[in-house]
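Per-entry structural report
Single-letter residue listing:
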Amino acid sequence: MRSSLKTLPTLAAALLLPAAWGAVAAAQEFDWKAHEGETITFLANNNPWATTVLKYKDEFEALTGITLRVDSYQEQQMRQRLLTVMNARSDEVDIFMTLPSREGMQFAAAGWYEDLLPYTTENAAPEYDFKGFSPALVEAATFDGALTGVPLNIEGPLLYYRTDVFEKCGLNPPESLAGISEVAAELKKCAPDMTAFASRGLAPALPYTFSNFLHNMGGSYMADGKSNLCSEEGKKAISLYASLLKDYGPPGVVNYSFYQLTSLYREGRSAMSFQSSNEFPAVMEGGARLEDTAIVPLPAGEGGSHPTTIGWALAVSQFSSNPEAAWYFVQWASSPEMQAKLALEGIAPPRNAVASDPDYQAWLEEQPVRQHWQEALEHLADKGTSEVGYPIVQNPESREYIGQAVNAVLLGTSTVDEACAAADEQLNALIARE
Amino acid sequence: MDTSNSQRAQLAALAAPSVIFTVAMIAFPFCYTIWISFQAVSATGMMRFDGAANYARMVNDTQFWNGLWITFYLYALSLVLQLVCGTALALLLFRARRLPGIIRSLFISPFMLPPVVAGMMWLIILDPSLGAANYILTSLGLPPSNWLASPALVIPTLALVDTWQWTPYVALIVLGGLQSLPPSVYEAAEIDGASRTKTLLRITLPLLLPTLVTATVLRSVDLLRFFDLIYITTQGGPANASTTLNIYGFRTGFEFFQLGYAGALMITLSVMVLGVVLALNRLRNAVAW
């Protein structure tokens with residue numbers, strides 16, 4: 001036993017030597033200027049990650065000598081442009097932002113993604129540290145063994161609430177899913193001028209927040225290959241979500257997406273707002289909410305706590321005529337150094353090492369609300385599921401039917417049974433078309 | 001004669017590149033859309049010829065019929081509002097000829113705004129919680145409204161916003177028509193002692209009819225393919241209450257990747273627009289004076 005213990009370091013060294021030699025060789029071979037003089041095009045979603053990273057565009061161009069052309073659009077318009085370009089198999093776009101939880105399966109099946117896994121091992125800068133990414137996010141971006149994109153952030157819906165209003169009303173934040181209604185009812189009585197509870201109501205945007213209710217309730221979108229929205233858990237989730245918005249939400253909530261939720265909360269008009277962790281910098285803009293906000297994950301329900309956790313990723317087009325240079329941008333934009341910079345501007349890092357970086361820790365400690373945000377993000381990373389909508393190729397269309405079912409109950413045009421039955425019928429037809 | 005032919009040939013040669021470019025830019029997308037409307041396109045982009053299945057699918061598609069109804073409801077409501085308000089504004093501007101140019105320019109400024117900007121602006125104004133519209137209503141002691149968030153109100157609200165933006169355009173067309181009316185008819189009416197109302201109803205409006213039909217044709221094309229404002233403000237909601245055929249086609253194609261069916265929807269809409277325009281053109285020829 002002792003002898004075997006003595007030989008263990010030697011054995012380990014022998015095993016690690018080729019890997020270490022590979023890394024040294026890569027370090028010697030890797031050249032940031034290898035594609036100097038080339039031009040690549042990046043199709044960006046005009047969201048906080050892209051707007052922040054593009055502030056450093058000049059640094060990338062100086063480091064690599066590559067010219068970066070940027071096409072920046074709002075999310076829907078970006079997808080529309082991408083669809084046109086990809087259907088034409090055009091090389092107009094080299095790099096694009098993608099949401100694996102939404103379109104990953106669809107784009108992968110269409111063959112639109114370049115598999116980035118070989119690049120991470122064969123053509124990465126020595127400091128890149130691909131293994132430093134959250135394994136869950138890497139797995140969420142991997143389809144049939146191909147890495148479709150490199151994680152850029154970690155995000156999910158969180159419950160932002162006003163500590164001053166809760167204190168004034170003598171309330172504690174809800175401790176269970178069902179408890180949200182009770183707290184909202186008390187808030188409505190105590191602070192009638194405020195919206196007690198706000199969340200997404202716009203049909204295609206709503207599944208992002210609703211999914212967390214469904215999963216915490218113990219429900220699932222599919223069971224035995226069929227739509228499962230009309231399960232007891234599904235019906236309870238629809239009923240709770242719709243009634244919270246109907247009874248305690250803002251007027252016009254049926255058209256609410258992230259934009260309106262952020263505006264409402266930042267203006268101090270809602271007491272509880274269930275919205276994206278990604279909106280944290282925008283919510284805190286102006287500083288009015290820095291002192292009076294706390295952030296927690298959605299309380300657990302009968303099925304436990306299964307928060308929605310997703311992340312944007314950076315992908316290289318299968319039709320790019322310059323995938324090598326495009327990969328240089330991907331690794332620069334998702335490098336530990338860049339992600340550490342972005343973290344200090346409120347972009348939740350998808351790397352554990354960045355999250356524990358002293359600079360980031362110091363930034364978090366400046367404001368208690370930042371610490372709440374980070375703790376909630378850790379809960380997302382630990383417990384999260386990326387299932388938003390149906391796990392099928394036609395995921396975007398499935399989200400529409402979920403949204404319509406909740407909207408029908410919210411607007412009072414259908415009962416829960418009618419709404420979920422209509423949705424199940426449409427969703428089963430969609431699943432059958434796969 | 002030879003010189004004239006030669007000049008014509010030179011002019012044709014000069015115009016040919018732009019004509020070819022324009023025709024190609026119109027013809028290619030149209031022909032491609034027709035072709036794709038006969039294909040079954042899977043979510044992964046695979047295509048196979050599927051005959052008229054996409055067109056047959058429309059017959060039993062409640063969303064299609066809903067979209068058709070909403071398209072024509074919005075079209076009719078907006079058109080009537082814009083013709084009435086545009087004519088009234090043109091008459092006002094025609095009578096107030098001494099109005100300073102800057103004020104006249106302000107009247108016509110809304111249609112200079114890109115529809116996306118107008119959409120964002122009205123989205124903020126009409127927000128039931130944060131917007132100015134409900135603040136004004138409640139300040140006047142009136143009940144707040146749900147504007148774009150109520151299935152019953154969303155179409156009238158969109159029609160009102162579009163009317164705000166495009167009434168000045170109609171007014172400009174009508175103003176042009178007013179300025180071309182023969183003064184002798186008005187002099188005769190004045191000598192006969194006709195009142196202002198009678199002059200308006202029996203002389204001005206009948207003489208303006210060809211101009212009004214022209215305005216109707218121009219606005220019809222835009223209103224039947226109404227898109228930007230709806231997409232920016234409601235994305236077809238709430239509960240599909242503002243999903244016109246154009247919005248439905250767009251979402252089917254660009255969000256749900258059913259390009260074949262989206263092509264069929266768009267061809268159907270194009271045929272409808274063409275039919276309406278041809279019918280209105282015949283009407284315009286009939287009322288021309």
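Residues numbered from 1 in each chain as written. Chains lettered and ligands numbered in written order. Predicted model: local features only at pLDDT ≥ 70, side-chain atom pairs only at ≥ 80, totals over all residues. Heavy atoms only, no water.

1. Points about the overall build of chain B
We apply this condition: Only DSSP runs of H or I covering at least 4 residues are called helices, and only runs of E covering at least 2 are called strands; the numbering of each starts at the N terminus. Buried means the residue's accessible area, taken with a 1.4 Å probe over protein chains only, is under 20% of the maximum for its type, while exposed means over 50%, and partly exposed covers the values in between. Note on areas: Shrake-Rupley with a 1.4 Å probe; residue coverage comes only from the protein chains shown. Positive: Lys, Arg. Negative: Asp, Glu. His and the chain ends are not part of the count. Charge coordinates come from a single atom per side chain, which is NZ of Lys, CZ of Arg, CG of Asp or CD of Glu.
On a plain count of helices and strands, chain B comes out with 12 helices and two strands. Beginning at the N terminus, the succession of helices and strands in chain B can be written as α-β-β-α-α-α-α-α-α-α-α-α-α-α. Over its C-alpha atoms, taken along the principal directions, chain B stretches across nearly 80 × 75 × 35 Å. Expressed as a percentage of the 289 residues in chain B, the buried residues total 44%. Carbon and sulfur atoms make up 71% of the accessible area of chain B, which totals about 15200 Å². Of the charged side chains in chain B, 15 are positive and 11 negative; the average position of the first set lies 7 Å away from that of the second.

2. Section: the pairing of strand β3 (residues 95-98) of chain A
Residues and elements named next belong to chain A. Note the following rule: Strand pairing is assigned whenever DSSP detects at least two bridges linking the two strands.
Burial of the side chains of β3 extends over both faces: Ile 95 and Met 97 are buried on one face and Phe 96 and Thr 98 on the other. Pairing analysis gives two bridges linking strand β1 (residues 39-45) to β3, with the strands arranged parallel. Across the sheet, Leu 43 pairs through a bridge with Phe 96, a residue of β3. Note that β3 and strand β12 (residues 313-316) share four bridges and pair antiparallel. Note on β12: the bridge partner recorded for Phe 96 is Ala 315.

3. Some remarks on the layout of surface pockets
Operational definition: Buried and open spaces are told apart on a 1 Å grid over the protein atoms alone, a cavity being a set of points where a 1.4 Å probe fits but cannot get out and a pocket being an open set with protein on both sides within 12 Å along at least five of seven lines. Residues with an atom within 4 Å of a point are the lining residues. Grid points are joined across faces, edges and corners, and a volume is the space filled by probe spheres set on the points. Asp, Glu, Lys and Arg are counted as charged, while Ala, Val, Leu, Ile, Met, Phe, Trp, Tyr, Cys and Pro are counted as nonpolar; the rest, among them Gly, fall into the polar class.
Taken as a whole, the largest pocket spans an internal volume of roughly 1400 Å³. Forming the walls of the largest pocket are 46 residues, and the residues nearest its centre are Gln 74, Glu 75, Ser 257, Phe 258 and Tyr 259 of chain A. Mapped by element, the contributors of at least two residues to the lining of the largest pocket are α4 (75-87), α12 (258-266), α13 (280-284) and α19 (395-410) of chain A together with α5 (115-125), α10 (228-233) and α11 (245-255) of chain B. In terms of residue count, α12 of chain A provides more of the lining of the largest pocket than any other element does, six residues in total. Residues that form the lining of the largest pocket fall into these classes: 19 nonpolar, 16 polar and 11 charged.

4. Focus on the interface of chain B and chain A
For the record, the criterion: Throughout, a contact is declared for two residues whenever any of their heavy atoms are within 4.5 Å. Take the accessible area each of two parts loses on contact, using a 1.4 Å probe, and add the two losses: that sum is the buried area. What counts as a salt bridge is simple: a side-chain nitrogen of Lys or Arg found within 4 Å of a carboxyl oxygen of Asp or Glu.
Tallying the contact residues gives 30 residues for chain B and 34 residues for chain A. Interface area, chain B with chain A, both sides summed: about 2700 Å², of which 59% is carbon and sulfur. The tally of links between chain B and chain A comes to one salt bridge. Between Arg 251 of chain B and Glu 400 of chain A there is a salt bridge whose closest N-O contact spans 2.6 Å. Elements that contribute at least two residues to the side of chain B that touches chain A include exactly α5, α10 and α11 of chain B. Sort the elements by how many residues they give to the side of chain B that touches chain A and α11 of chain B lands first, with five residues. By residue class, the composition of the side of chain B that touches chain A is 16 nonpolar, 11 polar and three charged.

5. Observations regarding the pattern of salt bridges
Two side chains bearing opposite charge may form a pair once their charged atoms approach each other closely. Residues and elements named next belong to chain A. Taken as a whole, this structure holds 24 salt bridges over all chains when the rule is applied. For the salt bridge of Lys 189 with Glu 186, the shortest nitrogen-to-oxygen distance reads 3.5 Å. Taken together, the positions of Lys 189 and Glu 186, both in helix α9 (residues 179-190) and three residues apart, correspond to about one turn of that helix. For the salt bridge of Glu 366 with Arg 370, the shortest nitrogen-to-oxygen distance reads 2.9 Å. Owing to a relative accessible area of 14%, Arg 370 belongs among the buried residues under this scheme. In this structure, a network of salt bridges that share partners links the residues Glu 75, Arg 79, Arg 102 and Glu 103.

6. Notes on the packing of α19 of chain A against helix α20 (residues 416-433) of chain A
Residue and element names in this part refer to chain A. Defined as follows: For helices, the fitted axis covers only the stretch in contact; all axes are lines through C-alpha atoms, and the angles between them, taken along N-to-C directions, range from 0 to 180 degrees. Any angle that is under 35 degrees is reported as roughly parallel, and any over 145 degrees as roughly antiparallel; angles of 65 to 115 degrees are reported as roughly perpendicular and all others as oblique.
For the pair α19 and α20, interaxial distance at closest approach is 8 Å and the crossing angle is 170°. Judged on the interaxial angle alone, α20 and α19 are roughly antiparallel. Contact residues: Glu 397, Ser 398, Tyr 401, Gln 404, Ala 405, Ala 408 and Val 409 in α19; Val 416, Ala 419, Ala 423, Gln 426, Leu 427, Leu 430 and Arg 433 in α20. Of the residues assigned to the contact of α19 with α20, the class counts are nine nonpolar, three polar and two charged.

7. Things to note about the state of the cysteines
Residues and elements named next belong to chain A. Worth spelling out the cut-off: Disulfides are defined as cysteine sulfur pairs within 2.5 Å.
Summed over all chains, the structure comprises two disulfides over all chains. Paired by a disulfide, Cys 169 and Cys 190 hold their sulfur atoms 2.0 Å apart. A torsion of -85° about the S-S bond marks the disulfide between Cys 169 and Cys 190 as left-handed. Separated by 21 residues along the polypeptide, Cys 169 in the loop between α8 (163-168) and α9 and Cys 190 in helix α9 bring together distant segments of the chain. Since its relative accessible area comes to 31%, Cys 190 is described here as partly exposed. Linked covalently through their sulfurs, Cys 230 and Cys 420 form a disulfide whose S-S length is 2.0 Å.

8. Comments concerning α4 of chain A
The line we're drawing: Multiply 1.5 Å by the residue count of a helix minus one, and that product is the helix's expected span.
The end-to-end C-alpha distance of α4 of chain A is 18 Å, a good match for the 18 Å that 13 residues give at a rise of 1.5 Å each. Those residues of α4 of chain A that fall on the buried side of the exposure criterion are Met 78, Arg 79, Leu 82, Leu 83, Val 85 and Met 86 of chain A. In this fold, the buried residues of α4 of chain A make contact with β1, β2 (67-73), β3 and α5 (100-110) of chain A together with α11 of chain B. A positive backbone phi angle near 50° is found at Arg 89 of chain A, which sits one or two residues after α4 of chain A.

9. Overview of the sheet that holds β2 of chain A
Residues and elements named next belong to chain A. Across the sheet, which stays open at both edges, the five strands sit in the order β2-β1-β3-β12-β6 with mixed pairing between neighbours. The two strands at the open ends of the sheet, each matched to only one other strand, are β2 and β6 (150-151). Here β6 pairs with β12 via two bridges, running antiparallel. Across the sheet, residue Val 150 finds its bridge partner in β12, namely Leu 314.

10. Examining the confidence of the model for chain B
Definition in use: Scored between 0 and 100, pLDDT is the confidence that the predictor attaches to each residue.
For chain B, the average pLDDT comes to 89, and 98% of its residues sit at 70 or higher. The spread of mean pLDDT over the elements of chain B runs between helix α4 (residues 101-108) of chain B, the lowest at 74, and helix α2 (residues 53-59) of chain B, the highest at 95.

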